[in-house]
Amino acid sequence: MAMCFGWDLGGVNVKLACVEDGRVASVAQIPCPALAEPRKFDLAVEEALALIGVSDASHAVTMTGELSDVFASRYEGVAYLVGLMRKSVGDGVRFYSLDGFVDARGAITGWQDVASANWHASAALAATVEDSGLLVDVGTTTTDLIPFKDGRPCAVGRTDGDRLTEGELIYRGVVRTPVMAIAAQAPFKGRMQGLAAERFATMADVYRLTGELPEDADPFPSADNRGKDLEESAARLARMLGRDAEDADIVAWRALAHFLGRRLLDQIEADARAVIEREELGPEVPVVGAGCGRFLAVSLAGRLGRPYRDFADLIPHADEAREMVSRCAPAVAVAQLA
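Residues numbered from 1 in each chain as written. Predicted model: local features only at pLDDT ≥ 70, side-chain atom pairs only at ≥ 80, totals over all residues. Heavy atoms only, no water.

### Concerning the environment of Leu84
Step number 1: In this structure, Leu84 sits in helix α2 (residues 74-89).
Step number 2: The exposure class assigned to Leu84 is buried, which follows from its relative accessible area of 4%.
Step number 3: Along the backbone, Leu84 and Arg39 are 45 residues apart, and their C-alpha atoms lie at a distance of 9.8 Å. (Helix = DSSP H or I, 4+ residues; strand = E, 2+ residues; numbered from the N terminus. Buried < 20%, exposed > 50% of the residue type's maximum accessible area, 1.4 Å probe, protein only.)

Rendered as structure tokens:
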């Protein structure tokens, strides 16, 4: 039985997918400890390795963790993570590059094409099933908008900086993004008012109030280190308006949350339309949704009048792994492509 483990080393989560004979058997997500040092990756990988228990499997790795501010530069981050995986799973480990898989030495010398290349892996796998499409991967922190056609990704940007320029990367997600990054003003009791430029609340609070956030999508401490029920989320959102939760009822705070959720969807839609127009993707070309926030990809497909495909529908998988296949698309992709 051919077995491959796919790793996606992120700055806040390590994602691990197990593929057996072309079928996804299991997927796990391990939060990185909240440490201001590179050792947080070692601890998360160690926890992931405890789930494996197989010595003769192959391993494929992609990453975004090199962007973590525990590293002085992206090169330093790539070098550290490459060394960590060599030490953890052996010299045979392969790393995903924009130009194909490379060994550890190739990952260091060609680090620019290895750094934050996980989006490309997901789109490359989707393109083996759907000839053309727009991959919309909405995660805790970022949203990827990756066009593919003729069976391959056709993104213009290669680095995160270039992708931000091209509208193919939006540094906003459904959990960790501060509310202040979404809007400068919001309605309250019939009038628009300014929002505080402080991290009093995050989008996790917004989507808890709208009822769209999966229960296990937010393993991180809240902005005030308090609980995460509806009342506590509403209290954090109220603070963004310089108010207390008691200044309005839960219906009003939910209305505010829906407003903020629409603003993020507006931003995603604007960039998606620009990418679609640039690549001349016909109206029959689907939106392929991935990530814990792919409920926004479903809404986006509706706004665009396009069919929707869930990433998990593209790949054979165990029934119990379905949710995590879509949520951890890059880890699944490198395991399938290796």
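Alright, that's what it looks like, and here's the rest.
### Some remarks on α2
Step number 1: A rise of 1.5 Å per residue sets the reference length of α2, with its 16 residues, at 22 Å; its end C-alpha atoms lie 22 Å apart and thus fit the reference within 8%.
Step number 2: Within α2 the residues assigned to the buried category are Gly77, Val78, Leu81, Val82, Leu84 and Met85. Buried positions in α2, seen along its axis, are confined to an arc of 160° and lie on one side of it.
Step number 3: Those residues of α2 that are buried are in contact with β1 (3-9), α1 (39-49), β4 (58-63), β5 (94-97), α3 (104-109) and α4 (111-114).
Step number 4: With its phi angle positive at about 105°, Gly90 sits one or two positions after the end of α2. (Expected span 1.5 Å × (residues − 1). Arc of directions from axis to C-beta. Contact = heavy atoms within 4.5 Å.)

### So, the pairing of strand β12 (residues 191-194)
For a regular strand, side-chain orientation follows a simple rule: the groups alternate between the two sheet faces.
Step number 1: Looking at chain direction, strand β11 (residues 185-188) and β12 are connected through four bridges and run antiparallel. Opposite Phe188, over in β12, you have Arg191 as the bridge partner.
Step number 2: Here β11 folds back onto β12 in antiparallel fashion, the turn holding two residues, of which Lys189 has a positive phi close to 50°. (Pairing = 2+ DSSP bridges.)

### Observations concerning the side chain of Ser68
Step number 1: The topology assignment puts Ser68 in the loop between β4 and α2.
Step number 2: Accessibility expressed as a relative area gives 10% for Ser68, which makes it buried.
Step number 3: Among the polar contacts made by the side chain of Ser68, one reaches the side chain of Lys40 at a distance of 3.5 Å.
Step number 4: Filtering out sequence-adjacent residues up to four positions away, Ser68 remains in contact with Lys40 and Phe41. (Polar contact = N/O pair within 3.5 Å; in protein donor to acceptor, adjacent residues only side chain to side chain.)

### Focus on the pattern of salt bridges
A side chain with one charge can pair with a side chain of the opposite charge if their charged atoms come near.
Step number 1: Tallying each qualifying case throughout the model produces 27 salt bridges.
Step number 2: Arg309 is the partner of Glu130 in a salt bridge, and the nearest nitrogen-oxygen pair spans 2.1 Å. With Glu130 in the loop between α5 (118-127) and β7 (133-138) and Arg309 in strand β14 (residues 308-310), this residue pair connects regions lying 179 residues apart in the sequence.
Step number 3: Owing to a relative accessible area of 16%, Glu130 belongs among the buried residues under this scheme.
Step number 4: Judged by its relative accessible area of 26%, Arg309 is partly exposed.
Step number 5: One connected set of salt bridges, linked through shared partners, spans Asp205, Arg208, Asp218, Asp224, Arg226, Lys228 and Arg236. (Salt bridge = Lys/Arg side-chain N within 4 Å of Asp/Glu carboxyl O.)

### A closer look at the packing of helix α8 (residues 230-240) against helix α9 (residues 250-279)
Step number 1: The geometry of α8 relative to α9 is characterised by a closest axis approach of 10 Å and an angle of 65° between their N-to-C directions. The angle between α8 and α9 places the two elements in the roughly perpendicular class. For the crossing formed where α8 meets α9, the hand is left-handed. Facing Leu230, Ala234, Leu237 and Ala238 of α8, the residues of α9 in contact are Ile250, Trp253, Arg254, Leu256, Ala257 and Leu260.
Step number 2: Here the residues of the contact of α8 with α9 are counted per class, giving nine nonpolar, no polar and one charged. (Axes fitted to C-alpha atoms, helices over the stretch in contact; angles between N-to-C directions. Parallel < 35°, antiparallel > 145°, perpendicular 65-115°, else oblique. Left-handed = near helix turned anticlockwise from the far one by under 90°. Nonpolar A, V, L, I, M, F, W, Y, C, P; charged D, E, K, R; others polar.)

### Section: the packing of α1 against α2
Step number 1: Between α1 and α2, whose axes approach to 11 Å, the crossing angle comes to 30°. One element, α1, and the other, α2, form an angle in the roughly parallel class. The interaxial crossing formed by α1 with α2 has right-handed handedness. Counting all contacts with α1, which are made through Arg39, Phe41, Asp42, Val45 and Leu49, the residues of α2 involved are Tyr80, Leu81, Leu84, Met85, Lys87, Ser88 and Val89.
Step number 2: For the contact of α1 with α2, the per-class residue count stands at eight nonpolar, one polar and three charged.

### Considering α8
Step number 1: Within the span of α8, buried status applies to Ser233, Ala234, Arg236, Leu237, Ala238 and Met240.
Step number 2: The elements touched by buried residues of α8 are β12, α7 (203-210) and α9.
Step number 3: The residue sitting at the N-terminus of α8 and contributing the capping side-chain oxygen is Asp229; that oxygen lies 3.2 Å from the backbone nitrogen of Glu231.
Step number 4: Following α8 by one or two positions, Gly242 has its phi on the positive side, about 70°.

### Some words on the sheet that holds strand β6 (residues 100-102)
Step number 1: Spatially, the six strands line up as an open sheet ordered β3-β2-β1-β4-β5-β6, and their pairing is mixed. Edge positions in the sheet fall to β3 (23-31) and β6, since each of these pairs with one other strand and no more. Averaged over neighbouring strand pairs, the angle between their axes works out to 25° when direction is ignored.
Step number 2: With respect to the sheet, α2 is in contact with β1, β4 and β5, its orientation differing from that of β4 by roughly 160°.
Step number 3: Lying on the sheet, helix α12 (residues 329-337) is in contact with β1, β2 (13-20), β3, β4, β5 and β6; it crosses β1 at an angle near 145°.

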